[in-house]
Amino acid sequence: MKRDTTCYLVVILLTNMTLTSETQEKGEISMTIVRTPEIQLDQVSMLYKTDTTEVLALKDVTVDIKQGEFVSLLGPSGCGKTTLLRIMADLIQPTNGEIKVAGETARTARLAQKYGIVFQSPVLYDWRKVKQNINLPLEMLGVKKAEREDRVDSLLELVGLEDFKDKYPWQLSGGMQQRVAIARALAMEPEILLMDEPFSALDEFSRERLNEELLSIWSKVGSTVVFVTHSIPESIFLSDRVFVLSPHPGRLSSIVDIPLPRPRTQGMRNSPEFFQLISDIRDSFEGV
Amino acid sequence: MEEKPVEKNMGWSDQAIVKTTSKYAKPVSKVSIDKQKSKYKHQLGKKLTQTLLPLIAGVIMIMLWEWQVFHSLFNLQTYQLPLPSTIVEAMIDNRAILLSYAGYTMSEAVLGMLFGSVLGFGFALTATAWPKWGKGGLVLIASLNAVPIVALAPIMNLWFGDGMGSRIAIVTIMTMAAMAINAHKGMSVVDPLALDLMHSYAAKKHEVFRYLRVANSLPFVFTALKINTTASMIGAIVGEFFFSSKGLGYMLSNSIKVAKMPLGWSCIVVAAIAGVVFYLVVERMEKIFLKWHSSQRI
Amino acid sequence: MGMQSVLNRRWLPTFVWIIGLVLFWELASWFLLHVSEAPMAQSKIPYIHELIITFTEYGTTLFIEGRATFSNAAIGFLLGAVLGVTLAVLMSVSKWIEQLTFPYAVASQMIPILGLAPIVYGIMRDEQVARILIAGYITFFPVALNMLRGLRSVDTSALELMYSYAAKPWMIYWKLRFPAALPGLFSGLKIAAPLAVTGAILVELMGAQNGIGVIMLRNLYYGPSHNYMFWSTVIVGAFLGVMSYLIISLLERFLAPWQADFRTNGGDR
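Along each chain, residues carry numbers from 1 onward, in the same order as the chain's sequence is written. Lettering of chains starts at A and numbering of ligands starts at 1, both following the order in which they are written. Selection of residues for local features in this predicted model requires a pLDDT of at least 70, selection of side-chain atom pairs for listing and counting requires 80 or more, and totals for whole chains, interfaces and linings are taken over all residues. Side-chain measures here rest on the full set of heavy atoms in the structure, leaving out hydrogens and waters.

If you look chain B up in an unreviewed UniProt entry, it shows as ABC transporter permease from Aquibacillus rhizosphaerae.

### Brief notes about the overall build of chain A
In terms of regular secondary structure, chain A is built from 9 helices and 10 strands. Two residues form a contact once any of their heavy atoms are found within 4.5 Å. Restricting the contact set of chain A to residue pairs at least 6 apart, pairs at least 24 apart contribute 70%. Areas reported as accessible are Shrake-Rupley estimates using a 1.4 Å probe. Residue values count occlusion only from the protein chains shown. Accessible area of chain A: about 12,700 Å², with a carbon and sulfur share of 54%. Working definition: helices are DSSP H or I runs of at least four residues, strands are E runs of at least two. Numbering for both runs from the N terminus.

### Overview of the overall build of chain B
Secondary structure summary: chain B contains 12 helices and 0 strands in total. Taken from the N to the C terminus, the helices and strands of chain B come in the order α-α-α-α-α-α-α-α-α-α-α-α. Long-range pairs, those at least 24 residues apart, make up 73% of the contacts in chain B between residues at least 6 apart in sequence. Accessible surface for chain B amounts to roughly 16,400 Å². Of this, 67% is attributable to carbon and sulfur atoms.

### Describing the interface of chain C and chain B
Counting from both sides, the interface comprises 55 residues of chain C and, opposite them, 53 residues of chain B. The term buried area denotes the loss of accessible surface (1.4 Å probe radius) that occurs when two parts are joined, taken as the sum for both partners. Buried area between chain C and chain B, summed over both chains or domains, comes out near 4,800 Å², and the portion from carbon and sulfur atoms is 80%. Salt bridges are identified by distance alone: a Lys or Arg side-chain nitrogen within 4 Å of an Asp or Glu carboxyl oxygen. Where chain C meets chain B, there are 0 salt bridges. The term polar contact refers here to a pair of N or O atoms within 3.5 Å; inside protein, the definition further demands a hydrogen-donor-capable atom paired with an acceptor-capable atom, and it admits residues adjacent in sequence only when both atoms are side-chain atoms. Joining chain C to chain B, the criterion identifies 4 residue pairs in polar contact (both at pLDDT 80 or more). Of all the secondary structure elements, the ones that give two or more residues to the side of chain C that touches chain B are helix 1 (2-35), helix 2 (41-44), helix 4 (95-110), helix 5 (117-124), helix 7 (156-164), helix 8 (169-206), helix 9 (212-221) and helix 10 (227-255) of chain C. The classification used treats Ala, Val, Leu, Ile, Met, Phe, Trp, Tyr, Cys and Pro as nonpolar, Asp, Glu, Lys and Arg as charged, and all other residues, Gly among them, as polar. Counted by class, the side of chain C that touches chain B contains 40 nonpolar, 10 polar and 5 charged residues.

### Points about helix 3 (residues 48-93) of chain C
With 46 residues, helix 3 of chain C extends only 54 Å from end C-alpha to end C-alpha; this falls clearly short of the ideal 68 Å at 1.5 Å per step. The largest bend in helix 3 of chain C comes to about 75 degrees, at Tyr58(C). Multiply 1.5 Å by the residue count of a helix minus one, and that product is the helix's expected span. One axis fitted to the seven residues ending at a residue, another fitted to the seven starting there: the angle between these axes is the bend at that residue.

### Observations regarding the UniProt feature "transmembrane region" (unreviewed entry) in chain B
All names here are of chain B. UniProt tags residues 48-65, 109-130, 137-160, 166-183, 220-243 and 263-282 as "transmembrane region" (unreviewed entry). The annotated region residues 137-160 carries 83% helix and 0% strand content, and the separation between its end C-alpha atoms amounts to 25 Å. The span residues 263-282 shows a helical share of 100% and a strand share of 0%, and its end C-alpha atoms are spaced 29 Å apart. UniProt positions are given in the numbering used here, feature names are shortened, and annotations may be inferred rather than shown by experiment.

### Description of the pattern of salt bridges
Evaluated as defined, the whole model comprises 22 salt bridges over all chains. Its salt-bridge partner being Arg209(A), residue Glu213(A) comes within 3.9 Å of it at the nearest N-O pair. Highlighted residues: Glu213(A) and Arg209(A), both in helix 7 (residues 204-221), separated by 4 residues, approximately one helical turn. Each residue's exposure class comes from its accessible area (1.4 Å probe, protein chains only) as a fraction of the maximum for that residue type: buried when under 20%, exposed when over 50%, partly exposed otherwise. Arg209(A) gets classed as partly exposed once you look at its relative accessible area, which sits at 44%. Where Arg131(C) meets Glu204(C), a salt bridge forms, and the shortest distance between an N and an O atom there is 2.7 Å. One end of the pair, Arg131(C), is in helix 6 (residues 127-152); the other, Glu204(C), is in helix 8, and 73 residues separate them in sequence. The pair formed by Arg131(C) and Glu204(C) is uniform in burial state, with each residue classed as buried. Among the charged side chains, a network of salt bridges with common partners joins Asp90(A), Arg107(A) and Arg110(A).

### A look at the packing of aromatic side chains
Pairing of aromatic rings covers Phe, Tyr and Trp, the last through its six-membered ring, and needs centres within 6.5 Å; plane angles under 30 degrees mean stacked, over 60 mean edge-to-face, and all others mean tilted. Per the counting criterion, the structure on display carries 15 aromatic pairs over all chains. Here Phe70(A) and Phe227(A) contribute two aromatic rings whose centre-to-centre distance is 6.0 Å and whose plane-to-plane angle is 40 degrees, an arrangement assigned as tilted. With Phe70(A) in strand 3 (residues 70-74) and Phe227(A) in strand 8 (residues 224-229), the pair connects residues that are 157 residues apart, well separated along the chain. An angle of 80 degrees between the planes, with centres 6.5 Å apart, marks the rings of Trp174(C) and Phe178(C) as edge-to-face. With a gap of 4 residues between them, Trp174(C) and Phe178(C) both fall in helix 8, about one helical turn apart. The class for Trp174(C) is exposed, based on a relative accessible area of 57%. Phe178(C) sits in the partly exposed class, given a relative accessible area of 26%.

### Some words on the environment of Ala129(B)
Residue and element names in this part refer to chain B. Residue position: alanine 129 is located in helix 5 (residues 95-129). The buried category is assigned to alanine 129, whose relative accessible area is 11%. For the pair formed by alanine 129 and lysine 205, sequence separation is 76 residues and the distance between their alpha carbons is 8.0 Å. Beyond its immediate chain neighbours, meaning those up to four positions away, alanine 129 contacts Lys205 and Phe209.

### Observations concerning the side chain of Glu240(B)
Residues and elements named next belong to chain B. Considering the arrangement of structural elements, one finds glutamate 240 in helix 10 (residues 205-242). Asp and Glu count as negative and Lys and Arg as positive, but His and the ends of the chain are not part of the count. An unpaired buried charge is present at glutamate 240: no salt bridge exists, and arginine 167, the closest side chain of opposite charge, is 4.5 Å distant. A distance of 3.2 Å separates the side chain of glutamate 240 from the backbone nitrogen of leucine 248, its partner in a polar contact. Of note is the side chain of glutamate 240, whose polar atom sits 2.7 Å from the backbone nitrogen of glycine 249. Setting aside chain neighbours within four positions, we find glutamate 240 in contact with Tyr104, Thr105, Glu108, Arg167, Lys246, Gly247, Leu248, Gly249 and Tyr250.

### Considering the packing of helix 10 of chain B against helix 12 (residues 261-289) of chain B
All names here are of chain B. Two elements in contact, helix 10 and helix 12, have axes whose closest approach is 10 Å; the angle formed by their N-to-C orientations is 160 degrees. Looking at the two axes, helix 10 sits roughly antiparallel to helix 12. Remark: the crossing between helix 10 and helix 12 carries right-handed chirality. Residue-level contacts link Phe222, Leu225, Lys226, Thr229, Thr230, Ser232, Met233 and Ile237 of helix 10 to Ala271, Ala274, Gly275, Phe278, Tyr279, Val282, Glu283, Met285, Glu286 and Phe289 of helix 12. For the contact of helix 10 with helix 12, a count of residues per class yields 11 nonpolar, 4 polar and 3 charged. To obtain an axis, a line is fitted to C-alpha atoms, over the contacting stretch when the element is a helix, and the angle between two such axes runs from 0 to 180 degrees between their N-to-C directions. Angles below 35 degrees are treated as roughly parallel, those above 145 as roughly antiparallel, those between 65 and 115 as roughly perpendicular, and all remaining angles as oblique. Here a crossing is taken to be left-handed if its near helix is turned anticlockwise relative to the far helix by less than a right angle, and right-handed if that turn runs clockwise.

### Comments concerning the pairing of strand 7 (residues 192-196) of chain A
Residue and element names in this part refer to chain A. Among the 5 residues that make up strand 7, 5 are buried, leaving the element largely enclosed by the rest of the structure. Here strand 7 shows two buried faces, one formed by Ile192, Leu194 and Asp196 and the other by Leu193 and Met195. One bridge is not enough; two strands pair if DSSP finds at least two bridges between them. Of the strand pairs in this sheet, strand 6 (residues 115-118) and strand 7 are connected by 4 bridges, and their pairing is parallel. Considered in strand 7, the bridge of glycine 116 is made with leucine 193. Relative to strand 8, strand 7 runs parallel, the two sharing 5 bridges.

Here's what the structure looks like:
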């Protein structure tokens, strides 16, 4: 118990330091990846209560995610990975434990508009055309109109949807809709990108292509990414580290480093290291 | 308000966690009877405020009305807006005639609704069976929905005389459109895979209707029936305003003409009660007939 | 050519139906007049060509009276719609107001609300005010209920997105809830618009100086000699109701064009 608090103090000091340095050299973060803690969870638990039952969705999860890092939360359904993401996003509060984002509470981070979220479904607003959907967060931030248009254009280019900017969401395929959702999440240049199984509704081919596109986008923007998935290959292909969660109750069972070099290519999916990593992660499930 | 997260924090306390984790080896999906009881109590309380609040508000309104607060506020006389006590008095004095008139008006409404719904359903069947020409006809029937009933009343009076028949005709026309549109929607939004299944059974057209389309349209049919209960009451009452010598509508407009306001109001009260009862009966029927449908699951 | 084919595909059946009905009507009128020799035959089913002649003769009168009815209905309708939307927003903002008013709003859907018209007329005694008031309060409840349904139709993820932007409450209404509620609002308005016209005509039938209902009643009392004029007023009344619906539908197409019903491709409806 005592050890925890001292650790905690050190963490606060560290994060405060990074905060000041970050404001000075914001532009260079993507180039020189400053490996300092961005998101920290300390002994986080989540208990859901319904009328008749109580479910412990998360139990004592302690995690820290570095700045500019790409991590995946991997696990079967019911392991609480989405709950964990929602706690990070300040959409729900944990029943126990602490969460710090860049040294502050998750709420402060949300109010400072540091988050970009991509949900399982695209959640595009039906009444807005593609470009207006991407525009939405910029309007909320109060960005000037001329600047908004420039930014939307470059985002459309980034996700390869320039030709579809004047279409309504229903005129797009599922994969395209999800790319719009990603562009929207990136619009306010979020420090942290939270993605909740964004590609799970897509077929395997589109999914692999979008995985690669996501990585190339990420290499340009350099946000911290937390990516929830139940696909082992997807988590390996994308991440620096994979956090493996196990269910009943949801808890962190292991953390697997992915030493594959970047940029990642589709060819890597067939490499022996890749297969080794798959079986390593699978083994870590067996152990549960 | 902005600070609130989407999911409400339902007051999970640390204590609760300790309790569950210590009591049970596995704290997942355990039912605690104590908790259930208190939860039930809580819900009961919630329900109580939910019904009590509007009820109290209603009672206060009636009391303000009775004490002539509204009268002095809007500069009204009691012969313009009668007091609740005099309305109740009028209701009691005329209870026999009110009851028989209510029966008269209700039978117009129910009969008209039956005819209208059957006709509307028939139109929907035809329009689904022969879509190309049927849909064109359906557009015309739908436009009946927008025709003011008061314009229909004199014509129906010319056609069917000033007896019950003219009101039944008005109600029939008013209820037909809603049923035709809704039933048609229900029959045409059939799951394409279910149609394929029928196809694989080499089902004939009428068999597809019998086993698939009609069943699929039932929830829509009940929606239409619920809309039509109110519409049929309005049709019957408004139809009676002008060319009738019986019924709640007749008595209502007549009492206003001869300045018997309390009696007019008591007609409205009876009509409202009849309308609510009619609606609840149809809703009850829906519950019985649509047990299989997801909208009825809790 | 392309235009023509669209016309053929979509409106030809309706067009044929209308022609067929008109022919049937003329036939029935002839039958009643010359074959069965029914009393008041032309009052029951008048010749349509005679009606057209009446329309050309008395078009101005019909137009002026129709306009009086329609504008009164429109004022009441707008008033009722604004109040209905306001109540819906209040209900969605405050649990208190919702609990207080929701049961009454629902009950209002179950009772024959037009029956209150004579009473309102009895209280007001002023035809102008009574017309507007009745049109307004008929509009009020359907609009309030449907608008509330629309405001609540917003799905959780869309709301969470707004929270993730740290959106202020009024921002959430402006950017999310209002646009999402538009289809609901319009379905309420479409129900209410013909009803508002009905209410206005109803007041005119009970006694007023001008309006289509007034000349309808007058010509009805004049008897068979005025039957074509009477039928013309009925047609104008019906036309006003249909018009009010079409105007709202057209507005909906402009203001809420994204809805599934308006999509041209996909779906077999």
